Amino acid sequence: MDHAADALRTDLMTITRYVLNEQSKHPESRGDFTILLSHIVLGCKFVCSSVNKAGLAKLIGLAGETNVQGEEQKKLDVLSNDVFVKALVSSGRTCILVSEEDEEATFVEPALRGRYCVVFDPLDGSSNIDCGVSIGTIFGVYMVKDFTEPTLDQALQPGKNMVAAGYCMYGSSCTLVLSTGSGVNGFTLDPSLGEFILTHPDIKIPKKGKIYSVNEGNAKNWDGPTAKYVENCKFPKEGSSPKSLRYIGSMVADVHRTLLYGGIFLYPADKKSPSGKLRVLYEVFPMSFLMEQAGGQAFTGKERVKTCFLPVVV
């Protein structure tokens, strides 16, 4: 019997243990981020449970409302948003919350304010809920200097100011991918323990990938360079093998595959959407943060994503 191997299997690195270990490297730390993250993790567990029993709990279908983007809200969208807002407010470590589902930013009452601003999409890919495709939560964290009197401008920071980002994917397993600025790590929820366990330490995107991921249904509206690039993926002229197309239509799932297997994920602007359809603050910035921390790159097509500044409207 291999007792050494058994010992390794029982020495589990949970996400809480991992964050506490990271916190110990910074003696000046007060534990605020650790507390904030524990509330984000709790929200992810709750949403994961709700997604798994959505059909039984009658959470599939439309809620009869639209979100700030003009999209019809699913019942799980609304539930997920409520869960994360309440979890983040109750942490006592946030002052501003910006959610895809809310038209206005949430300013935490003074008694519960903390130093962090959290931007998030509580349930990305919700159009796939009814057919069981992987969906997920995306979040990014900013530090706010003056959190006693927070303003919306403090939430509209460029991506380079983000201090942490991550996503939680609800699919065949529940996987939380996190970066606090020193690499990317993936944790998988063990349902029997109710804990996220480190399963993908120090994720590095492969330097070369064989996959491209894009919605080619929009090809007729692309600009020339985009169309030419995708054409070259399919019909390379230098004699190399063509790339394989993989497109799920859920950003969390597509980015997760790209992080692990390499390649490129793109959602370019087109004639119908000249500014693109991805939301900069709570989708593009957090995912770009993760990609760069994993050794990849993120571009708008003209410049590095994280150096972009946001317009006044979220």
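Criteria and cut-off values
- Residues numbered from 1 in each chain as written.
- Predicted model: local features only at pLDDT ≥ 70, side-chain atom pairs only at ≥ 80, totals over all residues.
- Heavy atoms only, no water.
- Helix = DSSP H or I, 4+ residues; strand = E, 2+ residues; numbered from the N terminus.
- Buried < 20%, exposed > 50% of the residue type's maximum accessible area, 1.4 Å probe, protein only.
- Areas by Shrake-Rupley, 256 points an atom, 1.4 Å probe, with all protein chains shown as cover.
- Salt bridge = Lys/Arg side-chain N within 4 Å of Asp/Glu carboxyl O.
- Core = buried A, V, L, I, M, F, W, Y, C linked by side-chain atoms within 4.5 Å.
- Contact = heavy atoms within 4.5 Å.
- Axes fitted to C-alpha atoms, helices over the stretch in contact; angles between N-to-C directions.
- Parallel < 35°, antiparallel > 145°, perpendicular 65-115°, else oblique.
- Left-handed = near helix turned anticlockwise from the far one by under 90°.
- Nonpolar A, V, L, I, M, F, W, Y, C, P; charged D, E, K, R; others polar.
- Pairing = 2+ DSSP bridges.

(A) Up close: the overall build of the protein. Within the protein, the regular secondary structure consists of 7 helices and 13 strands. Relative to its full complement of 314 residues, the protein shows a buried share of 47%. Of the roughly 16,000 Å² of accessible surface on the protein, 54% is carried by carbon and sulfur atoms.

(B) Structural detail: the pattern of salt bridges. Evaluated as defined, the whole model comprises 9 salt bridges. In this structure, the salt-bridge partner of Glu100 is Arg279, at a minimum N-O distance of 3.0 Å. Pair noted here: Glu100 is in the loop between β3 (94-99) and β4 (106-107) and Arg279 is in the loop between β13 (264-265) and α7 (280-293), with a separation of 179 residues, a long-range link. Both residues of the pair, Glu100 and Arg279, belong to the buried class. Here Lys204 ties to Asp202 by a salt bridge, and the two come within 4.0 Å at their closest N and O atoms. Exposure remark for Lys204: the relative accessible area of 49% places this residue in the partly exposed category.

(C) Layout of the nonpolar core. Membership of the largest hydrophobic core comes to 37 residues, with the highest contact counts inside it found for Ile15, Tyr170 and Phe196. Elements supplying a minimum of two residues to this core: α2 (15-24), α3 (32-52), α4 (75-90), β5 (113-124), β6 (135-143), β7 (162-170), β8 (174-179) and β9 (185-190). Here this core gets 8 residues from one element, more than from any other, and that element is α3. Contact partners of Phe196, with chain neighbours within four places excluded, come to Met13, Thr14, Ile15, Val41, Cys44, Lys45, Cys168, Cys174, Leu176, Phe187, Thr188 and Leu189. Counting 18 residues, the second largest nonpolar core, distinct from the first, contains Cys95, Tyr142, Met162 and Leu281.

(D) Expanded view of the packing of helix α6 (residues 251-261) against α7. Following both chains from N to C, one finds α6 and α7 inclined at 15°, their axes separated by 11 Å at the closest point. Judged on the interaxial angle alone, α7 and α6 are roughly parallel. α7 is crossed by α6, and the crossing has right-handed handedness. On α7, the residues that touch Met251, Val252, Val255, Thr258 and Leu259 of α6 are Glu283, Met287, Leu290 and Met291. Here the residues of the contact of α6 with α7 sort into 7 nonpolar, 1 polar and 1 charged.

(E) The packing of α3 against α4, seen in detail. Interhelical geometry of α3 versus α4 gives an angle of 160° and a closest axis separation of 9 Å. The pairing of α3 with α4 is recorded here as roughly antiparallel in orientation. The hand of the α3/α4 crossing is right-handed. Judged by residue contacts, Leu36, His39, Ile40, Gly43, Cys44, Phe46, Val47, Ser50 and Val51 of α3 engage Leu76, Leu79, Ser80, Val83, Phe84, Ala87, Leu88 and Ser90 from α4. Its residues assigned to classes, the contact of α3 with α4 shows 12 nonpolar, 5 polar and no charged.

(F) Local environment of the side chain of Asn81. Topologically, Asn81 is positioned in helix α4. Not counting the four nearest positions on each side in its chain, Asn81 is found in contact with Ser99, Glu101, Asp102, Phe120 and Pro122.

(G) Focus on the sheet that holds strand β11 (residues 211-213). As summarised here, the arrangement of the 3 strands in space is β12-β11-β13, forming an open sheet in which the pairing is parallel. Two strands bound the open sheet, and with one partner strand each, they are β12 (244-245) and β13. When β11 meets β13, the two strands line up parallel, connected through 2 bridges. Paired with Ser213 across the strands is Phe265, a residue of β13.

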